[in-house]
Amino acid sequence: MNSLPSAVFLDRDGTIIEDAHYLSKPEQVRLLPGAARAIARINAVLVPAIVITNQSGIGRGIFSDEDFERITDRLADVLAENGAHLDATYHCPHRPDEVCECRKPGTLLFRNAARDHGIDLSRALYIGDRYRDIEPGITFGGNCVLIPSDETPPADTLAAEERARVAPSLSVALDWFLCSN
């Protein structure tokens, strides 16, 4: 008998929505095909769906924390229109050259989510379009799936093939870990 993950951690850009490179306006939010339906499946089995996202555009001065919040609200509205919701969103605003524990593959945001939502990180599912999105899951001993996009470096796919799984879509990744009802 399969057991459900304790949570599903999702990257945002390139996994749930189109990667617009420094998305700064709510009207730029575009769901990837099947993403809302996939998140609704997570919701249906009562497993937390949590976004962990690097947002260095804030640290670079390209957009503000307020812009990020407006985009997060727009994503919530678009998902709700499609019968889905996210339980939480955590973001790192730092540039890649800044030293912090929250920028993926750092684990601080995952540990914060675990504390806030009572999640066993070793039983969670980690999904993203870059190896850095799923590497924390490998650290914690969870299940990890890379969903390559046009922006995914080939080395990320190779690393995921060796240490995790690779799926063509969010829906396929969830097929592997969520019980069908």
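A brief report on the enclosed structure follows. (Residues numbered from 1 in each chain as written. Predicted model: local features only at pLDDT ≥ 70, side-chain atom pairs only at ≥ 80, totals over all residues. Heavy atoms only, no water.)

### Points about the side chain of N43
Now for step 1: Examined against the element boundaries, N43 turns out to sit in helix 1 (residues 35-44).
Now for step 2: A polar atom in the side chain of N43 sits 2.8 Å from the backbone nitrogen of H85.
Now for step 3: In contact with N43, not counting residues within four places along its chain, are A49, G83, A84, H85 and D87. (Helix = DSSP H or I, 4+ residues; strand = E, 2+ residues; numbered from the N terminus. Polar contact = N/O pair within 3.5 Å; in protein donor to acceptor, adjacent residues only side chain to side chain. Contact = heavy atoms within 4.5 Å.)

### Observations regarding the pairing of strand 4 (residues 125-128)
Now for step 1: On strand 4, burial covers both faces: L125 and I127 on one face and Y126 and G128 on the other are all buried.
Now for step 2: Relative to strand 4, strand 1 (residues 8-10) is paired through 3 bridges, and the arrangement is parallel. Each residue of the ladder has a partner; that of F9, found in strand 4, is Y126.
Now for step 3: Across 4 bridges, the pairing between strand 4 and strand 5 (residues 143-146) is parallel. Residue pairing for strand 5: G128 is matched across the bridge by L146. (Buried < 20%, exposed > 50% of the residue type's maximum accessible area, 1.4 Å probe, protein only. Pairing = 2+ DSSP bridges.)

### Some thoughts on helix 6 (residues 154-163)
Now for step 1: When we look at burial in helix 6, the residues that qualify are D156, T157 and A160. Relative to the axis of helix 6, the buried residues are bounded by an arc of 100 degrees and lie together on one face. Among the exposed residues of helix 6, those oriented more than 90 degrees off its buried face are P154, A155, E161, E162 and R163.
Now for step 2: On its buried side, helix 6 packs onto helix 5 (131-140), strand 5 and strand 6 (165-166). (Arc of directions from axis to C-beta.)

### Some details on unusual backbone geometry
Now for step 1: Cis geometry marks the peptide bond from K104 to P105; its omega dihedral reads 20 degrees.
Now for step 2: You can see P105 is positioned in the loop between strand 3 (88-92) and helix 4 (108-117).
Now for step 3: Despite not being glycine, H21 shows a phi value in the positive range, around 55 degrees.
Now for step 4: With respect to the helices, strands and loops of the structure, H21 is situated in the loop between strand 1 and helix 1.
Now for step 5: With a phi angle near 60 degrees, L46 is a residue other than glycine that sits in the positive phi range.
Now for step 6: With respect to the helices and strands, L46 occurs in the loop between helix 1 and strand 2 (49-54).
Now for step 7: We classify L46 as exposed; its relative accessible area is 75%.

### Looking at the packing of aromatic side chains
Now for step 1: Here the structure, examined in full by the defined rule, presents 3 aromatic pairs.
Now for step 2: Centroid distance F9 to F110: 5.0 Å. Interplanar angle 75 degrees. Geometry classified as edge-to-face. One end of the pair, F9, is in strand 1; the other, F110, is in helix 4, with 101 residues separating them in the sequence.
Now for step 3: With relative accessibility at 2%, the residue F9 sits in the buried group.
Now for step 4: Ring pairing ties together the aromatic residues F9, F110 and Y126, which thus form one cluster.
Now for step 5: Cation over ring: R165 sits above W176, and NZ or CZ is 3.8 Å from the ring centre. (Phe/Tyr/Trp six-rings, centres within 6.5 Å; stacked < 30°, edge-to-face > 60°. Lys NZ or Arg CZ within 6 Å of the ring centre and 35° of its normal.)

### Here's the deal with the sheet that holds strand 2
Now for step 1: On the basis of which strands lie adjacent, the open sheet formed by 6 strands has the order 3-2-1-4-5-6 and parallel pairing. In this open sheet, the two edge strands, each paired with only one partner strand, are strand 3 and strand 6.
Now for step 2: Alignment of strand 1 against strand 2, held across 3 bridges, turns out to be parallel. Bridge assignment links L10 to a residue of strand 2, and that residue is V51.
Now for step 3: In the packing of helix 7 (residues 170-177) onto the sheet, contacts are made with strand 1, strand 4, strand 5 and strand 6, and the angle to strand 4 comes to roughly 165 degrees. (Axes fitted to C-alpha atoms, helices over the stretch in contact; angles between N-to-C directions.)

### Things to note about the nonpolar core
Now for step 1: Residues L10, I16, I42, I127, V145 and L174 are the most contacted members of the largest nonpolar core, which totals 29 residues.
Now for step 2: Listing elements by their share of this core, those giving two or more residues are strand 1, helix 1, strand 2, helix 3 (65-81), strand 4 and helix 7.
Now for step 3: If one sorts the elements of this core by residue count, helix 1 sits on top with 5 residues.
Now for step 4: With residues up to four places along the chain from it excluded, the contact list for L10 reads I16, I39, I42, I50, V51, I52, L86, I127 and L170.
Now for step 5: Judged by nonpolar contacts, the second largest core, of 22 residues, contains F9, I52, L146 and A160. (Core = buried A, V, L, I, M, F, W, Y, C linked by side-chain atoms within 4.5 Å.)

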